[in-house]
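Spelled out from the first residue to the last, the chains are:
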Amino acid sequence: MSLLYKVTRKLLTVPLVLLRRGTAKDAELLVLRHEIAVLRRQLTGPVRFEPADRFWFAVLSALIPRRHWLKVFPVAPGTVLAWHRRFIAAKWDYTARRGTGRPP
């Protein structure tokens, strides 16, 4: 029974892999286009990524396999992961739930 389950699961992931290839390719193109836009915006000085640029790269990183990150992103993979962690931490800081003191 478990062999049948494993074979069925592998067969169902094949279409997902084929669809992901196209998605990853499209995401790589979007990353490269955005990098070109950033470079054109800052022709005179050093490249500085604004928060919107960082967010864009962090979002697109979910669509690209990690083994391709070194070839695609203009920064190190650790930098993209750090940006992503900062965005998630800012979103889920739970400030609305915090009270002013101890509960009664």
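Note that the coordinates shown come from a computational prediction; the quantities given were computed from them, not determined experimentally.

Caption draft 1: The overall build of the protein, seen in detail. The helix and strand inventory of the protein stands at four helices and zero strands. Listed N to C, the secondary structure of the protein is α-α-α-α in terms of helices and strands. The 104 residues of the protein split such that 21% are buried. Considering only contacts within the protein whose residues lie at least 6 apart along the sequence, 55% involve residues at least 24 apart.

Caption draft 2: Geometry of the packing of aromatic side chains. Counted under the stated rule, the structure contains six aromatic pairs. Their ring planes at 65 degrees and their centres at 5.9 Å tell us that F49 and W83 sit as a pair that is edge-to-face. Of the two residues, F49 sits in the loop between α1 (2–41) and α2 (51–61) while W83 sits in helix α4 (residues 77–91), which places them 34 residues apart along the sequence. Note on F57 and F73: the rings are 6.0 Å apart at their centroids and 85 degrees apart in plane angle, and the pair reads as edge-to-face. Taken together, the residues F57 in helix α2 and F73 in the loop between α3 (69–72) and α4 connect sequence positions 16 residues apart. The burial state of F57 is the same as that of F73; both residues are buried. Among the aromatic residues, ring-to-ring pairing joins F49, F57, W69, F73 and W83 into one connected group.

Caption draft 3: The arrangement of the environment of L29 in detail. Checked against the element boundaries, L29 lands in helix α1. When the C-alpha positions of L29 and V72 are compared, they lie 8.8 Å apart, and in sequence the two are 43 residues distant.

Caption draft 4: Layout of the nonpolar core. Within the largest apolar cluster, 13 residues are counted, with the highest numbers of intra-cluster contacts made by V31, F49, F57, I64 and F73. Elements that contribute at least two residues to this core include exactly α1, α2, α3 and α4. With three residues, α1 is the single largest residue contributor to this core. The contacts of F57, once residues within four sequence positions are left out, are V31, H34, E35, F49, F73, P74, V80 and W83.

Definitions and limits used
Residues numbered from 1 in each chain as written. Predicted model: local features only at pLDDT ≥ 70, side-chain atom pairs only at ≥ 80, totals over all residues. Heavy atoms only, no water. Helix = DSSP H or I, 4+ residues; strand = E, 2+ residues; numbered from the N terminus. Buried < 20%, exposed > 50% of the residue type's maximum accessible area, 1.4 Å probe, protein only. Contact = heavy atoms within 4.5 Å. Phe/Tyr/Trp six-rings, centres within 6.5 Å; stacked < 30°, edge-to-face > 60°. Core = buried A, V, L, I, M, F, W, Y, C linked by side-chain atoms within 4.5 Å.

So far we have only geometry, and geometry alone does not tell us how the molecule works.
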